[in-house]
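Architecture at a glance
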Amino acid sequence: MGAITDVPGIRVGHVQKTDDGWLTGVTVVLPPPGTVGSVDVRGGGPATSETDALDPTTMSQRVDAVVLTGGSAYGLVTARGAQRWCEEDGRGFAVPGGLVPIVPAAAIFDLGRGGDFSARPDEEMGYAATAAAAARKERHDVERGNVGAGTGAVLGRGQFKGGVGTASVTLENGVVVGALAVVNAVGLPFGTSQKQAEPGSVRLSDEGASTPRVSAAAAKGGRGTAPEVPPLNTTLVVVATNAVLSKADCKRTASAAHAGLARALNPSHTLADGDTVFCLATGEVPLDRSTETARQISLITLQSAAADVVRLAILDGVLSAEAVSTPAGEYGAYRAE
């Protein structure tokens, strides 16, 4: 599929609202039980929840779901809905008397982009997105563009529409590495600038499928109100693999994957971004750890692949996004030739 769901057991669910002042949504990445995870937050303006629980030095080892949401800090309430679904499904950290699901979350800033500042994701949307993920078959295709947490996403200081993208790669040893990105960036795809945003081809990557065109309408008038709006943006990423990784390995993989974000977007990791990368490992395929050298090579290969698929997922999100017009502004779209 060329998607994060090429990792066996990974499922993705989207819920969004786009009418009556709404332009926002929720995306949930639901891994199989027993998945190990960690996170690396690099942006200067993050909106996150339960990320401290993913530190390798903390007690819990497993991740039950990852919630990506719109609504800035208000949207983090969606994690409660995902947590409620996980409890009902019997997923969570065992404690006396029951379970506590480990559900980290991160949000993008999309407040008011549909016209109503108070239209933001709630707990029920988080529950619905988790249920939608659980209802999908294994290795399902993933909806991209203006869906889920990418519904209200923009880029280039609000000039163009951002969205959800995904990509994957399979290594020679059978390890699959996939990524899902919600692209809501201050910057533009690497190699372009606002001054260059005019009709004509702008190459975003070496892949032929990533040769976009900025439409004349977008260049002349299809832009939002970004010059007068603070650049409150974030790019969120979930990397998943079927490799056997420790929590510390996941932390290092999340850190390495940020290189893909920097290769795709210019600028990235700014004071106004909340750039965050989660890493999930389902633990099906063991890496070669027969010697210390073999261990290092295995991890470096996997982590390099993670950076590559993050870059591709971000570019996919840019190219999959559709133009949107709301009472708050107009957001043009890049187009592939």
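Scroll up to find the structure.
This write-up is about the structure you can find in this document. (Residues numbered from 1 in each chain as written. Predicted model: local features only at pLDDT ≥ 70, side-chain atom pairs only at ≥ 80, totals over all residues. Heavy atoms only, no water.)

1. Regarding a nonpolar patch on the surface
A contiguous nonpolar patch, built from Met59, Phe93, Val95 and Val100 and spanning about 340 Å² of accessible area, is present on the exposed surface. With relative accessibility at 66%, the residue Met59 sits in the exposed group. (Patch = residues over 30% accessible without salt bridge, like charges linked within 9 Å, V, L, I, M, F, W, Y side chains within 5 Å. Areas by Shrake-Rupley, 256 points an atom, 1.4 Å probe, with all protein chains shown as cover. Salt bridge = Lys/Arg side-chain N within 4 Å of Asp/Glu carboxyl O. Buried < 20%, exposed > 50% of the residue type's maximum accessible area, 1.4 Å probe, protein only.)

2. With respect to the pairing of strand S16 (residues 234–243)
Across the 10 residues of S16, 10 count as buried, placing the element largely inside the fold. Here S16 shows no split at all, with Thr234, Leu236, Val238, Ala240 and Asn242 on one side and Thr235, Val237, Val239, Thr241 and Ala243 on the other all buried. Bridge count between strand S12 (residues 176–184) and S16: 8 bridges; the pairing is antiparallel. Paired with Leu180 across the strands is Val238, a residue of S16. Here S16 runs beside strand S18 (residues 276–285); their pairing, made up of 7 bridges, is parallel. Across the sheet, residue Leu236 finds its bridge partner in S18, namely Thr276. (Helix = DSSP H or I, 4+ residues; strand = E, 2+ residues; numbered from the N terminus. Pairing = 2+ DSSP bridges.)

3. Section: the side chain of Thr51
Along the polypeptide, Thr51 turns up in the loop between strand S4 (48–49) and strand S5 (66–69). Accessibility expressed as a relative area gives 15% for Thr51, which makes it buried. Non-local contacts of Thr51, meaning those with residues more than four positions away in its chain, are made with Val39 and Phe278. (Contact = heavy atoms within 4.5 Å.)

4. A closer look at helix H2 (residues 123–135)
Along its 13 residues, H2 runs 19 Å from first to last C-alpha, staying within 8% of the 18 Å computed at 1.5 Å per residue. Residues of H2 that are buried in the fold lie against strand S1 (11–17), strand S2 (24–30) and helix H1 (78–88). (Expected span 1.5 Å × (residues − 1).)

5. Considerations on the pairing of strand S11 (residues 164–170)
Examined bridge by bridge, S11 and S12 share 7 bridges and lie antiparallel to one another. From the neighbouring strand, Val169 faces S12, where its bridge partner is Val177. Connecting S11 to the next strand, S12, in antiparallel fashion are 5 residues, including Gly174 with a positive phi near 90°.

6. A look at the nonpolar core
Soluble globular proteins tend to pack their nonpolar side chains together in the buried interior. Grouped together as the largest cluster of nonpolar side chains are 39 residues, with contacts concentrated most on Val175, Val177, Val239, Leu245, Val310 and Ile314. Elements with a contribution of two residues or more to this core: S12, S16, helix H4 (247–264), S18 and helix H5 (292–320). Considering every element that reaches this core, the biggest residue donor is H5, with 11 residues. When near neighbours in sequence (up to four residues on either side) are disregarded, Val239 contacts Val177, Gly178, Ala179, Ala257, Val277, Phe278, Cys279, Leu280, Ala306 and Val310. (Core = buried A, V, L, I, M, F, W, Y, C linked by side-chain atoms within 4.5 Å.)

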